[in-house]
Amino acid sequence: MLGAIFQSLIRAIFGIVNRNAPWLIDNRTPPPPSPRTHTIKSRTLADAAARLGISVEALRAHKPVYQQVRKPKRSGGVRTLCIPDTTTRTLQRRLLRRVLNASRSHTAAFGFERGRSMVDHARLHSDRAVVIGIDIADFFPSTKAKWVYDYFIAVGWDPDAADALTRLTTFEGMLPQGAPSSPKLSNLVNHLLDARLTGLAAAFGARYSRYADDIAFSLPIDDTRLVKNLVNLAGIVIDESGYTPHMKAKLFVRRRHQRQQITGLVVNNGPPRLSRETRRWLRAVRHRLATTGKATLTPSQLAGWEAFERMVSNDID
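What you see is a predicted model; the values in this text were computed from it and never measured.

Asker: Please explain unusual backbone geometry as it appears in this structure.
Answerer: Across the chain, the bulk of peptide bonds are trans and the bulk of non-glycine residues have phi less than zero. Its identity is not glycine, yet Asp127 carries a phi of approximately 55°, on the positive side. With respect to the helices and strands, Asp127 occurs in the loop between helix H6 (118-123) and strand S3 (130-137). Residue Asp138 is not a glycine yet carries a positive backbone phi of 50°. Inspection of the secondary structure puts Asp138 in the loop between S3 and helix H7 (139-142). Residue classification places Asp138 among the exposed residues on the basis of a relative accessible area of 53%.

Structure representation (structure tokens):
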């Protein structure tokens, strides 16, 4: 009896509802409009076309074409990228610059946001007693076109405009991973998810942040029961928000005596930094390129890693 009461209380506090509730599955509640979105005075199809620099007729007639490219993941498996055609990519970039970037994502969303970075995401969990990582399976393909449509309606676009913008930015009922507009949209439509998980973390005295599909919590004390309850409730919130959390293979709980890593950065006892193994690997790559001209990375890939290394090092300094 007490267990049922406790479960009901938790559901009421964190907005967790029956996983079969039709409104959650078919009409996901969109995030509230950001104050900055009120700068958009007109939200008709004509206004959408004007912001994209094309005619209403061209926007109505445009049919995005995608090329699906399968690439191996570093962790194993294959990732399918949906690469838009040139015209679609141009329009998506315009939408991102002229419309989407004017809207605020939740402060817990660190991926793909100006002024926030992977290092900022990791720094939030530096020097904590327990660090928890939960991965969302198939994040972009699981982010539904209906949620995108509901978002555009919520911030004031009329149905015709919302429909056109949704068709421009989604593919086969989902956010295409590979479209320039998808990362920002994934944050905007998940305002509610981030708000719920932020509230859950606060109730446990924890910190929460999200970098795309990587969810992180951290606690100032190591309490086994507290950690277990937090993980279980977070899984419920994620599941009932329409996603599938990896609660086995990609779930991790790290204590102080273990290496704590967030998005590949070590956060034990100090600011985020590259692991010793990664630093050694980069030195070896540089050496092989300098001496033989051959390595596991191309010069351009190495340049990307070195830029990331400098960003992390500057944060420490």
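Asker: Would you take a moment to explain a positive patch on the surface for this structure?
Answerer: A surface patch of positive charge is lined by Arg276, Arg279, Arg280 and Arg283. Along the chain, Arg280 turns up in helix H13 (residues 276-291).

Asker: Before we go on, may I ask you to explain helix H3 (residues 45-52) in this structure?
Answerer: Every α-helix carries 3.6 residues per turn, so stepping three or four residues along brings you back to the same face. By the burial criterion, the buried members of H3 are Leu45, Ala48, Ala49 and Leu52. The buried residues of H3 all sit within an arc of 95° when viewed along its axis, so they share a single face. In this fold, the buried residues of H3 make contact with helix H4 (56-61), helix H5 (86-98) and helix H9 (159-169). Positive backbone phi, at 75°, marks Gly53, one or two positions downstream of H3.

Asker: Help me out: how do you make sense of the side chain of Glu113 in this one?
Answerer: Within the fold, Glu113 resides in the loop between H5 and H6. Judged by its relative accessible area of 9%, Glu113 falls in the buried class.

Rules of the game
- Residues numbered from 1 in each chain as written.
- Predicted model: local features only at pLDDT ≥ 70, side-chain atom pairs only at ≥ 80, totals over all residues.
- Heavy atoms only, no water.
- Helix = DSSP H or I, 4+ residues; strand = E, 2+ residues; numbered from the N terminus.
- Buried < 20%, exposed > 50% of the residue type's maximum accessible area, 1.4 Å probe, protein only.
- Patch = residues over 30% accessible without salt bridge, like charges linked within 9 Å, V, L, I, M, F, W, Y side chains within 5 Å.
- Areas by Shrake-Rupley, 256 points an atom, 1.4 Å probe, with all protein chains shown as cover.
- Salt bridge = Lys/Arg side-chain N within 4 Å of Asp/Glu carboxyl O.
- Lys, Arg positive; Asp, Glu negative; His and termini not counted.
- Charge placed at Lys NZ, Arg CZ, Asp CG, Glu CD.
- Arc of directions from axis to C-beta.
- Contact = heavy atoms within 4.5 Å.

These results come straight from atomic positions and should not be treated as a statement about function.
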